[in-house]
Amino acid sequence: AEELVDLVDAFAPKEYPAGAVVIKQGDEGNQFYVVESGTLDISVQGAKIDPGLTYDVGSAFGELALMYGSPRAATIRTRTSCLLWFLERRDYRGITG
């Protein structure tokens with residue numbers, strides 16, 4: 001239970017305006033994100049995947065970066081202004097060992 005509390009405490013908020021790129025496909029991944037407000041689009045190789053598929057309130061992305069340090073598999077861009085909470089890979093590793 002203490003590990004979970006430490007993980008939650010390690011998250012920090014960040015606001016993004018509409019049209020901002022949060023992560024870019026192919027870049028090194030060091031953060032995991034949770035959406036508090038707003039909507040984000042997902043694209044792979046420059047093309048939006050299913051237009052009905054978006055990240056919105058309660059969605060999370062970037063988990064592969066936390067666990068494996070994998071390059072970003074998609075580009076995530078804000079459709080509306082967004083408030084995201086993020087966790088750095090180094091903090092995740094420090095807490096989970």
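Please refer to the structure placed before this passage.
What you see is a predicted model; the values in this text were computed from it and never measured. (Residues numbered from 1 in each chain as written. Predicted model: local features only at pLDDT ≥ 70, side-chain atom pairs only at ≥ 80, totals over all residues. Heavy atoms only, no water.)

**Student:** What exactly am I supposed to notice about the overall build of the protein chain here?
**Tutor:** Counting its regular elements, the protein chain contains three helices and nine strands. Going from N to C terminus, the protein chain has its helices and strands arranged as α-β-β-β-β-β-β-β-α-β-β-α. Taking 2.2 N^0.38 as the reference for a compact globule, 97 residues should give roughly 13 Å; the C-alpha atoms of the protein chain span a radius of gyration of 13 Å, in line with that estimate. With respect to the three principal axes, the spread of C-alpha positions in the protein chain is 40 × 25 × 20 Å. Contacts in the protein chain between residues at least 24 apart in sequence constitute 76% of all its contacts with a sequence separation of at least 6. Looking at the protein chain as shown, the accessible area adds up to about 5,800 Å², and 52% of this sits on carbon and sulfur atoms. (Helix = DSSP H or I, 4+ residues; strand = E, 2+ residues; numbered from the N terminus. Rg over C-alpha atoms; globule rule 2.2 N^0.38 Å. Contact = heavy atoms within 4.5 Å. Areas by Shrake-Rupley, 256 points an atom, 1.4 Å probe, with all protein chains shown as cover.)

**Student:** How do you make sense of the packing of aromatic side chains when you look at a structure like this?
**Tutor:** We describe a pair of aromatic rings using the distance from one ring centre to the other and the angle between the two ring planes. Tallied over the full model, the rule gives four aromatic pairs. Aromatic side chains Tyr 55 and Phe 61 sit 4.8 Å apart centroid to centroid with 15° between the ring planes, which places their arrangement in the stacked category. Joined through ring pairs, the aromatic side chains of Tyr 33, Tyr 55, Phe 61 and Phe 86 make up one cluster. (Phe/Tyr/Trp six-rings, centres within 6.5 Å; stacked < 30°, edge-to-face > 60°.)

As far as function goes, none of this settles anything; it's purely spatial.
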